[in-house]
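Listed below are the residues making up each chain.
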Amino acid sequence: MSEYEKLLIDLDIVKKNSLFYAFRELILPLVKDGDFSSFYDLDKGRDSVSPALLSLALILQRILNYSDRKMAQAIRVDLEVKYALGLPILYPGFHYSLLSIHRNRLIQGGAGRDIFDRVLHLAQEKGLLSKDEDQILDSTHIVADIALPTASGLVRQAIVHLLRAIEKLDPSLADKISDASGTRKYLDKIRKVKPDPDTPREKKEYEMTPDEKKALFVQVVREGRALARVCKEEHIEDESVKEALALLIEIVESIAKGDDDNITRIPPKERKCKIQSVHDPDARYGKKTPKTGYVGYKAHIAMSSESRFITYTETTPMDVGDPTMAPELIKGVAREGLSPGKAIGDTQYGSGKFREFAAGHGVQVSAPLFPRAQSASRVKEGFIYDPEACTVTCPLGKTSRSRWYSADGEVMVYKFSRKMCRGCPRAEDCIGNKGYMSASVSMYHEELKAAASYNETKAFQRDKAIRARIEAKFGEAKRFHGMARAIYRYLKKVDLQVLFTAIALNVKRIFTLLKDRKSSALIEPIAA
């Protein structure tokens, strides 16, 4: 430690019980320049800014919830930040754009996950995180950093996106293609060409009547189709142009049907393409509740139940359900070297399929049953299911082996035909006019039956209270660390945002628990 750093502490500018002091002592040694050697060519170019410094700055940025500009400024002028990052007092700083460049390198190299692992292992080394702690599983939404366009606006975005890619490749080719496809006005806007003063102002879509909006939609779809046809004829080999062309075709084909003389709009629910904006094509619309939906992403999180460390994260588009990602959370926690005995979740984690998967990894699932699973956990009243013989017997002793499976393959439907029930006094009441009676049994009948019994116990009620702890963690991430809204666009970047937010929360948690441990050690025992 240098003389000036000692002076900062002596003058109480950096307090020993502050997060900045703890960050330097605990987190700074975890990240070294050698960890990023594959990101750089050591024989080319000038010396770079330390990649370890940039990575540590990204963690501190999420703790402080600073923008790139504000973080770069803090590194230049804030003594606490300089101390936390181990910088000399006269360190001149660097341009804020380096933070964005380094994020892209982390995405390509996957080093962000390595930093997360090291912080988590530090918590284990300090005795703060137990290997066999139960895990809480849940997800939270992240609103995308986009404005939602109308159907016409979405096609226009795709047209401009394609013309911009062609303009970057070859301006003369952009002139040729825009003139041939009738999309010159879009190219002029890209080039910021001032319109003729005598030209009347084009109406904004919100100013139009319903009939004018329909006419506009037909017009932009025709323009999009014409631009796509001309680009195909040119056989452009540039990858960025190919991607932009494919995006335009995908949007136009999913949003409109019919030939150019009879274009009609396809309703949103019937569209195959789920792209909401060209500016962030990975963002999707999804329901949070039956009445509430968002366009954006979903952060799937596993958190230790007692120490409250985030132990694994995965980010998906908003339309990916919790049951789909639940197995990934279990596998991710296992990759971190943890072996929980129980996974606690809400109803979304209560399916029989997930319970069977978790049991195969030695994990019990504590979650309310799906409404569908609730009924599938038992056969019809009075009926007996024999899993070994794969039969169902009715209350009057008729046994059926005849069955078929539901569309998702998770439910077996046993059939009791009129022929099978011939002579039974209750045959007409049971079968009626259908010609048969059915009894459904889940493929995961035994798992759901055991879960239904456990959910009646006091232990399950305690688990429900424990599960609520992750909601406080989500609130902290959103309110104080910027996770309510995506700061970046595209799935990979939002995934890195979630990962570094989790690292920031874990760093804070290590600091808090160590501080509490130190405080409790200083309390003298009361004399008897």
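Values in this document were obtained by computation on a predicted structure and should not be read as measured data. (Residues numbered from 1 in each chain as written. Predicted model: local features only at pLDDT ≥ 70, side-chain atom pairs only at ≥ 80, totals over all residues. Heavy atoms only, no water.)

S.K.: Looking at this model, I keep getting lost on helix H7 (residues 111-125). Mind explaining?
M.R.: Along an α-helix, residues three or four positions apart point the same way, because every turn accommodates 3.6 residues. For H7, which comprises 15 residues, the first-to-last C-alpha distance of 21 Å matches the rise-based estimate of 21 Å (1.5 Å per residue) to within 8%. Within H7, the full set of buried residues consists of Ala111, Gly112, Ile115, Phe116, Asp117, Val119, Leu120, Leu122 and Ala123. Looking one or two places after H7, you find Gly127, whose phi comes out positive at around 75°. (Helix = DSSP H or I, 4+ residues; strand = E, 2+ residues; numbered from the N terminus. Expected span 1.5 Å × (residues − 1). Buried < 20%, exposed > 50% of the residue type's maximum accessible area, 1.4 Å probe, protein only.)

S.K.: Please explain the packing of helix H8 (residues 151-169) against helix H9 (residues 171-181) as it appears in this structure.
M.R.: When two helices pack together, their arrangement is given by the angle between the helix axes and by the axis-to-axis distance. Where H8 meets H9, the closest approach of the two axes is 5 Å, and the angle between their N-to-C directions is 140°. Overall, the two elements H8 and H9 adopt an arrangement that is oblique. Together, Leu163, Ile166, Glu167 and Leu169 of H8 and Pro171, Leu173, Ala174, Ile177 and Ser178 of H9 make up the contact between the two elements. Looking at the contact of H8 with H9 residue by residue, the classes come out as 7 nonpolar, 1 polar and 1 charged. (Axes fitted to C-alpha atoms, helices over the stretch in contact; angles between N-to-C directions. Parallel < 35°, antiparallel > 145°, perpendicular 65-115°, else oblique. Contact = heavy atoms within 4.5 Å. Nonpolar A, V, L, I, M, F, W, Y, C, P; charged D, E, K, R; others polar.)

S.K.: Looking at this structure, how should I read the confidence of the model for the chain?
M.R.: Do not read the predicted coordinates in detail wherever pLDDT is low. Mean pLDDT over the chain works out to 86, with 92% of the residues at or above the 70 mark. Per-element confidence in the chain ranges from a low mean pLDDT of 55 for helix H15 (residues 371-376) to a high of 95 for strand S6 (residues 310-317). Within the model, the stretch residues 522-528 combines pLDDT values under 50 with 0 contacts to residues more than four positions away or in other chains. (pLDDT = per-residue confidence, 0-100.)

S.K.: Please explain the side chain of Asp138 as it appears in this structure.
M.R.: By the secondary structure assignment, Asp138 is in strand S1 (residues 135-143). Judged by relative accessible area, Asp138 falls into the buried class, the value being 4%. If we skip the residues at most four places from it in the chain, Asp138 touches Ala299, His300, Ile301, Asp322, Asp346, Tyr349, Arg467, Ile470, Glu471 and Phe474.

S.K.: What am I meant to see in the nonpolar core here?
M.R.: Inside soluble globular proteins, nonpolar side chains tend to come together where they are buried. Grouped together as the largest cluster of nonpolar side chains are 86 residues, with contacts concentrated most on Phe23, Phe36, Ile59, Ile75 and Leu85. Here this core takes 13 residues from helix H20 (residues 491-522), the largest share from any one element. Setting aside anything within four residues of it in sequence, one finds Phe23 in contact with Leu28, Leu56, Ile59, Leu60, Ile63, Ala84, Leu85 and Val507. Within the second largest apolar cluster, 40 residues are counted, among which are Ala151, Ala165, Val230 and Leu245. (Core = buried A, V, L, I, M, F, W, Y, C linked by side-chain atoms within 4.5 Å.)

S.K.: Mind showing me how you'd approach the sheet that holds strand S12 (residues 403-405) here?
M.R.: Within a sheet, adjacent strands bond to each other through the backbone by hydrogen bonds, running parallel or antiparallel. The strand order across the open sheet formed by 3 strands is S12-S13-S14, and the pairing between neighbours is antiparallel. Looking at strand neighbours, the two that pair on one side only are S12 and strand S14 (436-442), the edges of this open sheet. Strand-to-strand, the axes of this sheet are offset by a mean angle of 25°, without reference to chain direction. In terms of strand pairing, strand S13 (residues 411-417) meets S14 through 7 bridges, oriented antiparallel. Note on S14: the bridge partner recorded for Met412 is Val441. (Pairing = 2+ DSSP bridges.)

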